[in-house]
Structures are given as C-alpha cells and as structure tokens.
Amino acid sequence: MNPALDITTSVGVVRPTDKLRCSATRYDPGGGGINVARIAKVLGSSVLAVFPAGGSHGGLVMSLLSEADVRFRHVPVAAQTRESFTVNETSTGQQYRFVLPGPELTALEQEQCLDQLRVAAQSAEVVVASGSLPPGVPADYYQRVADLCRQLGVKLILDTSGGGLQHISSGVFLLKASVRELRECVGRRLATESEQLEAAHQLIDSGRAQVVVVSLGSYGALLATRHASQRFPAVPMPGGSGVGAGDAMVAAITVGLTHGWPLAKSVRYGIAAGAAMLMTPGTAVFERADIERLFELVAEPAEVGTNDFAAEA
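Just so it is clear, the model here is predicted, and its values are computed rather than measured.

The next thing to look at is the pattern of salt bridges. A complete count under the given rule lists 14 salt bridges for this structure. Of the charged contacts, one joins Arg150 and Asp147 as a salt bridge, the two residues approaching to 2.6 Å between their closest N and O atoms. With Arg150 and Asp147 both in helix 4 (residues 141-152), this residue pair falls three residues apart, about one helical turn. The exposure class assigned to Asp147 is partly exposed, which follows from its relative accessible area of 26%. Across the salt bridge formed by Arg180 and Glu184, the nearest N and O atoms sit 3.0 Å from each other. Of this pair, Arg180 and Glu184 are both found in helix 6 (residues 179-186), four residues apart, which corresponds to roughly one turn of the helix.

Next up, the structure:
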C-alpha cells in the first residue's frame, strides 16, 4: 500500500550543514510488497504486484518494474509516490536510511486497491501483504485484506508494523515480525527468547495468525506454530546493506511454501535470502545462484519445545 522509489548513494563522511558530494545514485522500485514480488520473480515464481502509484515517482517505479519483467496492476492516485533515501558512509561502513511517510490516499483510492487485489487474488495461491500503511489509510486496512483472502480461500502472509499489525484480529496464515514489531504488537519488552516465543504463541492462540516467524537479524529466526517452536541459526556474513533483507526473507519463505516445502525448510530458505541481500547495493536483487549457495549453509533448526506458552504466562 505504500510503494517507494528507493534511492541509494554513498558519501565519505556524513556531517551536518556541509554540502555532501555523493557518488552515483542508484534507483530501485521499492516498498515491502514490491520487494517481495521482485525477489520471488528471481526465485522462479509467477508474481503479480498490486499497488497504488502516482506522480513521476510512481511512473519511475512502474518503469523499473517493467524493465525487471515483474508483472503488476497499479491503482492511479492523485498524490506523489514517496521516496526512500539510503546513504552509505564509506569511511565508517555505517548506513543512514531516510523513510518518508508516503502520499495520503483517498477513500476511493483505497477501495480501488482492494478491488484490484480481489481480481488478482482469485487466481493466486498466496497473497503477501507487506510494508507500512500510508497516511489516511485506517489501521484496520490489512484486516480487510485478511477478510478478502479468507473469502477467496487464499493464504495470506503478512509483514507490517505499527497500527497495521496491532489491528489484525484474524485470518493471517503466516505473520513475519521483527522483535521490535512483535514488541509493539503485544506491548511488552520481550528481552529473552522465551518472552519472544511466548508473544508469538499469544498471537497464534488468539487466532490472529496460524504461524509466526520472528526475524532476529544476525541471530537467525524463531518459528512458532500452535504446537511447536524452533530456533534457526543465521548464516555468518560480513557486513552489508540490510535494506530489503526482511522482504527477501518473506519472499523466499513464500516461494518455499508454494513449492510444497515444510515450514522449517521454507524458513531456512528465507534466512538464506535475507543473507543474500547483504551482498547487494541498495535494494538490488541478488542472483538466484547466491541464495542457493547460502541455502546449503543454513543449519537445521533446534526444537525449543512444545510448551503451552500462554498457559505458562
């Protein structure tokens, strides 16, 4: 619902006030759902991105998707599609990410997005809703997406944050969340693995999702289902841009599930995809050979246990 024109550049040192002479600029079509579609396409899946787009930025996003041979349906909107700006500081290896709020969508534009999704989802095996909600879109919008998917009998995979996550009450097959997003959702600190798994099982027991994957960055991931929990190690990687790593994880998990793989194997594939994104500039997509090589390095998960975390609490 909130695509972006991703702009990436580099500079020696980031300083206030000074004019900073940057290197060549890279442009990529971005936003959670679009990133997922681009990566799933590289992994060999048939994809269709559905999103609102407006102004010259929206036009460039669509042009870049066409160049990447990613099919899409767009809803024309009056306001300008947002930009996201990433600056890599070459002297320190640090990264600065500036994420703008996005355009305010009218009620009619929001309904048109759901209409386009309904048409596209009728022939889909899985719908992925990913990214933030732009200004003016009610916090329960993704719940409406979940209701639509349930009506059509399509699995929904959700990756969002803030109000969009907090207002989900039912209908999600798999929810991917970072620890920060999970913390915002349940309103607790979640300092330990046990607390994180307890929160994940709380979402499952309340009927909001059937499966929860908690991404831990360089520490791997956790997988919670109704009766089990697993811990997945990360792939050791040198430092790199983390932009789009979570989207890559969601894309690869989705692709694995559409192949008929078990959840654990699909999550391992997702971890490999997230690691592969560290090797690319900005939100550029990795080569398929990169993820296949890294996939072989992702160890099998460890069973954490089958405790009833909600009962323990």
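Here we come to unusual backbone geometry. One non-glycine residue, Thr17, lies in positive phi territory at about 75°. Here Thr17 shows up in the loop between strand 1 (4-11) and strand 2 (26-30). A positive phi angle, near 60°, is found at Asp69, a position not held by glycine. Residue position: Asp69 is located in the loop between helix 2 (55-67) and strand 4 (72-76). For Asp69, a relative accessible area of 52% corresponds to the exposed category.

It is worth spelling out the confidence of the model for the chain at this point. Fine structural detail should not be taken from predicted coordinates in areas where pLDDT scores are low. Residue-level pLDDT values for the chain average 92, and 95% of them are 70 or greater. Taken together, the stretch residues 308-313 has pLDDT below 50 and engages in nine contacts with residues farther than four places along the chain or on a different chain.

With that settled, consider the packing of aromatic side chains. According to the stated counting rule, one finds five aromatic pairs in the structure shown. On the basis of an interplanar angle of 70° and a centroid distance of 5.0 Å, the ring pair of Trp261 and Tyr269 is categorised as edge-to-face. By relative accessible area, which is 2% here, Tyr269 ends up buried. An angle of 10° between the planes, with centres 5.9 Å apart, marks the rings of Trp261 and Phe295 as stacked. Of this pair, Trp261 sits in the loop between helix 8 (245-258) and helix 9 (263-277) while Phe295 is found in helix 10 (residues 288-295), placing the two residues 34 residues apart along the sequence. You can call Trp261 partly exposed: its relative accessible area is 21%. Using a relative accessible area of 11% as the deciding quantity, one classes Phe295 as buried. Joined through ring pairs, the aromatic side chains of Trp261, Tyr269 and Phe295 make up one cluster. Above the plane of the ring of Phe173 lies Lys155, whose end atom (NZ or CZ) is 4.5 Å from the centre.

About the thresholds
- Residues numbered from 1 in each chain as written.
- Predicted model: local features only at pLDDT ≥ 70, side-chain atom pairs only at ≥ 80, totals over all residues.
- Heavy atoms only, no water.
- Salt bridge = Lys/Arg side-chain N within 4 Å of Asp/Glu carboxyl O.
- Helix = DSSP H or I, 4+ residues; strand = E, 2+ residues; numbered from the N terminus.
- Buried < 20%, exposed > 50% of the residue type's maximum accessible area, 1.4 Å probe, protein only.
- pLDDT = per-residue confidence, 0-100.
- Contact = heavy atoms within 4.5 Å.
- Phe/Tyr/Trp six-rings, centres within 6.5 Å; stacked < 30°, edge-to-face > 60°.
- Lys NZ or Arg CZ within 6 Å of the ring centre and 35° of its normal.

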